[in-house]
Every structure is written in structure tokens, then in C-alpha cells.
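The chain contents come next:
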Amino acid sequence: MTAITATQTTAAVRPGKIRNRVLWTLQIVLGLFFVIASGGPKLVIPQTLMENNATAFSIPLALLVFIGLAEVAGGIGLMVPRLTAAAAIGLAIVTFLAAGFNAFLADTPGLAPFPLALTAIFAWIAYERRASLTALRTLIKR
């Protein structure tokens, strides 16, 4: 009897042609959303956002700016091929924490499903683009 061993190559973790197009479309749309609509206003007009906050719960200005920086960096990272998986992991963490904030601290649990859906999408993107993590690791080791 002979044993067949399977080796994992980079081709084995690459998505198919249609899946690749769907992933890039999602990455570009979500990346632009986080740069322009989500993180950008937190960096450009953070004081106005805090004053116009509909909830009684407010967060410190420095934390709001940090979240804006993380969202903008993640949005840009989604559109850079070597950074897609790392950016998707970071944005999955940010959106998961946003869902927790909405559900438990801001007392608006009705707003939690959207960030949770984004968390699932970013987890899927990170899984499909996991080859970019190894490429990034080898690039950093050089």
C-alpha cells in the first residue's frame, strides 16, 4: 500500500476566478466605505460628531480619533493586495467591538446586527486571503 500525502501550496488557498472577483469587489466597496464614510468623518470633524451624538453615552475624543485611524487604515489595507488579510482581521475586531458597544454600552441593540454582519464578511475575507498573511510574514522577515 502506498500513502498519499497532500501538500498545501499557495494555489490550494487561492480562491477561484469568480470568488476572487467577488472578494475584490467587496474589499474595494468596504474599503472605500471605511475610508470615506466611517473613519474619515471621525478624523475630519470629530468634535461635531461628538456634539451631534444621538445617544447620551459619549466616548473620549482621543478614542474616537483612534477608532477613525483604525478604520481608515483598515479600509486602505483592504485595497492593498499584501495587506488584505491583516486589514480584514483588524476590521473584524473593530466591527465586533462596535457591535458590543451598541448592544451593551449604548443601549441600542437594534444597531448591533450590521456590525456583526460586517464582522462575518471580514472574517470570510481574511480566511480567503490567508495566503497574503504568509506573504506578509516572509516580507517582514527579510
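Novice: I keep staring at the overall build of the protein and nothing clicks. Help me out?
Specialist: The number of helices and strands found in the protein is 6 helices and 0 strands. Along the protein, helices and strands appear, N-terminal first, in the series α-α-α-α-α-α. Expressed as a percentage of the 142 residues in the protein, the buried residues total 29%. Look at the contacts in the protein between residues 6 or more apart in sequence, and 67% of them connect residues 24 or more apart. Carbon and sulfur atoms make up 71% of the accessible area of the protein, which totals about 9200 Å².

Novice: Before we go on, may I ask you to explain the nonpolar core in this structure?
Specialist: Soluble globular proteins tend to pack their nonpolar side chains together in the buried interior. Core analysis: the biggest nonpolar cluster contains 12 residues, these being Leu-23, Leu-30, Phe-34, Leu-78, Ala-87, Ala-88, Leu-91, Ala-92, Leu-118, Phe-122, Ile-125 and Ala-126. Elements with a contribution of two residues or more to this core: helix H1 (17–44), helix H4 (84–105) and helix H5 (113–128). If we skip the residues at most four places from it in the chain, Ala-87 touches Gly-74, Gly-77 and Leu-78.

Novice: I would appreciate a short explanation of the layout of surface pockets in the present structure.
Specialist: Gaps between atoms show up when a probe of the same size as a water molecule is rolled over them. When its volume is computed, the largest pocket comes out at roughly 1100 Å³. Lys-42, Glu-71, Ala-98, Phe-101 and Asn-102 are the residues nearest the centre of the largest pocket, which is lined by 32 residues in total. Listed by contribution, the elements that provide at least two residues to the lining of the largest pocket are H1, helix H2 (46–51), helix H3 (61–78), H4 and H5. Per-element accounting of the lining of the largest pocket gives the leading share, 7 residues, to H4.

Novice: I tried to follow the packing of H3 against H4 on my own but got confused; where do I start?
Specialist: The relative placement of two packed helices comes down to the angle between their axes together with the axis-to-axis distance. Axis separation between H3 and H4 bottoms out at 8 Å; the angle between their running directions is 145°. Relative to H4, the crossing made by H3 is left-handed. Residue-level contacts link Ala-70, Glu-71, Gly-74, Gly-75, Gly-77 and Leu-78 of H3 to Thr-84, Ala-87, Ala-88, Leu-91 and Val-94 of H4. Of the residues in the contact of H3 with H4, the class split is 6 nonpolar, 4 polar and 1 charged.

Novice: Honestly, the packing of aromatic side chains in this entry has me stumped. Any pointers?
Specialist: With the rule as written, the count across this model stands at 2 aromatic pairs. A ring pair is formed by Phe-33 and Phe-34, whose centres lie 5.3 Å apart and whose planes are at 85°; its orientation type is edge-to-face. A relative accessible area of 33% places Phe-33 in the partly exposed class.

Novice: Where do I start with the packing of H1 against H5 in this structure?
Specialist: The contact between H1 and H5 brings their axes to 11 Å, and the two run at 130°. Relative to H5, the element H1 lies oblique. Here H1 and H5 pass one another in a crossing that is left-handed. Only Leu-118, Ile-121, Phe-122, Trp-124, Ile-125 and Glu-128 of H5 make contact with H1, whose side of the interface consists of Arg-19, Val-22, Leu-23, Leu-26, Gln-27, Leu-30 and Phe-34. A breakdown of the residues in the contact of H1 with H5 according to their chemical character gives 10 nonpolar, 1 polar and 2 charged.

Novice: Would you take a moment to explain the side chain of Arg-129 for this structure?
Specialist: Locating Arg-129 in the fold gives a position in the loop between H5 and helix H6 (130–141). As a buried residue without a salt bridge, Arg-129 has its nearest oppositely charged side chain in Glu-128, at a separation of 7.1 Å. At 2.8 Å, the side chain of Arg-129 forms a polar contact with the side chain of Gln-27. Residues in contact with Arg-129, not counting those within four places in the same chain, are Pro-15, Asn-20, Leu-23, Trp-24, Gln-27, Thr-84 and Ala-85.

Novice: Would you mind showing me how to read the pattern of salt bridges here?
Specialist: Any two side chains of opposite charge can pair, so long as their charged atoms come close to each other. Scanning the model with the defined rule gives 2 salt bridges in all. Glu-128 is the salt-bridge partner of Arg-19, the closest N and O atoms lying 3.4 Å from each other. With Arg-19 in helix H1 and Glu-128 in helix H5, this pair connects stretches of sequence that are 109 residues apart. Among the residues examined, Arg-19 registers a relative accessible area of 43% and is labelled partly exposed. When the shortest N-O distance is used, the salt bridge between Lys-42 and Glu-71 registers 2.9 Å. Placement of Lys-42 in helix H1 and of Glu-71 in helix H3 is noted, with a sequence separation of 29 residues between them. For Glu-71, a relative accessible area of 6% translates into the label buried.

Conventions and cut-offs
Residues numbered from 1 in each chain as written. Predicted model: local features only at pLDDT ≥ 70, side-chain atom pairs only at ≥ 80, totals over all residues. Heavy atoms only, no water. Helix = DSSP H or I, 4+ residues; strand = E, 2+ residues; numbered from the N terminus. Buried < 20%, exposed > 50% of the residue type's maximum accessible area, 1.4 Å probe, protein only. Contact = heavy atoms within 4.5 Å. Areas by Shrake-Rupley, 256 points an atom, 1.4 Å probe, with all protein chains shown as cover. Core = buried A, V, L, I, M, F, W, Y, C linked by side-chain atoms within 4.5 Å. 1 Å grid on protein atoms, 1.4 Å probe; cavity = no way out; pocket = protein on both sides within 12 Å on 5 of 7 lines; lining within 4 Å. Points joined across faces, edges and corners; volume = space filled by probe spheres on them. Axes fitted to C-alpha atoms, helices over the stretch in contact; angles between N-to-C directions. Left-handed = near helix turned anticlockwise from the far one by under 90°. Nonpolar A, V, L, I, M, F, W, Y, C, P; charged D, E, K, R; others polar. Phe/Tyr/Trp six-rings, centres within 6.5 Å; stacked < 30°, edge-to-face > 60°. Parallel < 35°, antiparallel > 145°, perpendicular 65-115°, else oblique. Lys, Arg positive; Asp, Glu negative; His and termini not counted. Salt bridge = Lys/Arg side-chain N within 4 Å of Asp/Glu carboxyl O. Polar contact = N/O pair within 3.5 Å; in protein donor to acceptor, adjacent residues only side chain to side chain.

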